[in-house]
Amino acid sequence: MKTIAITGGIGSGKTVVSDIMRASGYPVYDSDTEAKALTAASPQIKKGLVELFGEEIYGGGVLDKTMLARHLFSDAGCRARVNAIIHPVVFSDFRRWREAQKKETVFLESAILFESGFNTLADEIWCVTAPVEVRVARVMKRNGMTRSQVEERISTQLPDEVIRQKSTHVIVNDGKVSVLSQLERYFFAAGLQKL
């Protein structure tokens with residue numbers, strides 16, 4: 001089974017590409033969404049986070065997402081420790097999911113593909129990119145975040161130029177270039193059915 005990863009920084013438009021893949025009949029594992037669900041529900045993750053932050057991280061039995069985000073985006077060392085708790089569980093979940101699929105090719109969406117090590121599970125990597133100003137505007141509108149909050153999130157991720165260099169293909173999603181025409185080329189290069 002072939003695994004194609006879709007990656008790119010926050011606001012780049014990974015979800016647009018993933019949605020096109022789903023509409024074309026391809027299974028897509030959204031690692032960010034699944035990681036959030038697993039962080040809220042997995043006993044293994046809960047145990048690790050409680051050991052790291054104390055019982056208050058799951059106040060009333062529910063994950064305090066605001067507290068977790070504050071830790072994640074304020075301290076790189078803390079972020080690494082949290083990721084060491086969460087990523088192995090997400091890896092296992094992805095492998096189970098992939099084994100259950102009936103298609104010869106599946107897609108894996110991840111904003112932190114290289115930081116998490118998920119790139120080791122991919123046969124190809126498609127990077128979605130857009131100018132920083134476009135990304136900031138998208139996230140501010142979508143998430144109701146301030147410019148400084150978005151810029152802080154961007155600063156915690158690998159720079160676009162590094163992601164592009166490590167990727168098989170680059171998809172420009174700036175609102176000017178056709179994403180579909182780029183995807184059609186990459187589908188052909190990957191030996192996949194046409195969109």
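For the structure itself, look to the data block above.
Residues numbered from 1 in each chain as written. Predicted model: local features only at pLDDT ≥ 70, side-chain atom pairs only at ≥ 80, totals over all residues. Heavy atoms only, no water.

1. Considering the environment of Thr-168
Thinking step 1. With respect to the helices and strands, Thr-168 occurs in the loop between α9 (160–166) and β5 (169–172).
Thinking step 2. With 21 residues separating them along the chain, Thr-168 and Arg-147 place their C-alpha atoms 31 Å apart.
Thinking step 3. Non-local contacts of Thr-168, meaning those with residues more than four positions away in its chain, are made with Glu-124 and Ile-125. (Helix = DSSP H or I, 4+ residues; strand = E, 2+ residues; numbered from the N terminus. Contact = heavy atoms within 4.5 Å.)

2. Here we look at the pattern of salt bridges
Thinking step 1. In the structure shown here, the tally under the stated rule is eight salt bridges.
Thinking step 2. Among the ionic pairs, Arg-135 bridges to Asp-160, the shortest N-O distance being 3.6 Å. Residue Arg-135 is found in helix α7 (residues 132–143), and its partner Asp-160 is found in helix α9; the two are separated by 25 residues along the sequence.
Thinking step 3. Overall, Asp-160 belongs to the buried group, its relative accessible area being 10%.
Thinking step 4. The salt bridge partner of Asp-160 is Arg-164, with a shortest N-O separation of 3.9 Å. On the criterion of helical spacing, the pair formed by Asp-160 and Arg-164 is a turn pair, its members being four residues apart in helix α9.
Thinking step 5. You can call Arg-164 partly exposed: its relative accessible area is 34%.
Thinking step 6. Where salt bridges share partners, they join Glu-133, Arg-147 and Glu-151 into one cluster. (Salt bridge = Lys/Arg side-chain N within 4 Å of Asp/Glu carboxyl O. Buried < 20%, exposed > 50% of the residue type's maximum accessible area, 1.4 Å probe, protein only.)

3. Points about the sheet that holds β5
Thinking step 1. Read across the sheet, five strands follow the order β2-β3-β1-β4-β5 without closing on themselves; strand pairing throughout is parallel. Two strands bound the open sheet, and with one partner strand each, they are β2 (28–30) and β5. In this sheet, adjacent strand axes meet at a mean angle of 20 degrees when their direction is disregarded.
Thinking step 2. Relative to strand β4 (residues 124–129), strand β1 (residues 2–7) runs parallel, the two sharing four bridges. The residue bridging Ala-5 from the neighbouring strand is Ile-125, located in β4.
Thinking step 3. Helix α1 (residues 14–23) rests against β1, β2, β3 (105–109), β4 and β5 of the sheet, and its axis sits at about 150 degrees to β1. (Pairing = 2+ DSSP bridges. Axes fitted to C-alpha atoms, helices over the stretch in contact; angles between N-to-C directions.)

4. What to know about the packing of aromatic side chains
Thinking step 1. Considering all chains together, one arrives at ten aromatic pairs under this definition.
Thinking step 2. With a centroid separation of 4.5 Å and an interplanar angle of 20 degrees, the aromatic rings of Phe-91 and Phe-118 are classed as stacked. With Phe-91 in helix α5 (residues 76–100) and Phe-118 in the loop between α6 (113–116) and β4, this pair connects stretches of sequence that are 27 residues apart. Per residue, the accessibility class of Phe-91 equals that of Phe-118, and both read buried. (Phe/Tyr/Trp six-rings, centres within 6.5 Å; stacked < 30°, edge-to-face > 60°.)

5. Remarks on the pairing of β5
Thinking step 1. Residues of β5 alternate between two faces, with His-169 and Ile-171 buried on one and Val-170 and Val-172 left unburied on the opposite face.
Thinking step 2. Here β4 runs beside β5; their pairing, made up of four bridges, is parallel. From the neighbouring strand, Thr-129 faces β5, where its bridge partner is Val-172.

6. As for the pairing of β1
Thinking step 1. Counted residue by residue, β1 has five buried out of six residues, so it is predominantly covered.
Thinking step 2. Note that β1 and β3 share five bridges and pair parallel. By the bridge assignment, Ile-6 is partnered in β3 with Glu-109.

7. Notes on the packing of α1 against helix α10 (residues 179–189)
Thinking step 1. In contact at an axis separation of 12 Å, α1 and α10 are set at 60 degrees when each is read in the N-to-C sense. The orientation of α1 with respect to α10, classified from their angle, is oblique. When the axes of α1 and α10 are compared, the crossing they make is right-handed. Where α1 abuts α10, its residues Val-17, Ile-20 and Met-21 lie against Val-179, Leu-180, Leu-183 and Phe-187. (Parallel < 35°, antiparallel > 145°, perpendicular 65-115°, else oblique. Left-handed = near helix turned anticlockwise from the far one by under 90°.)

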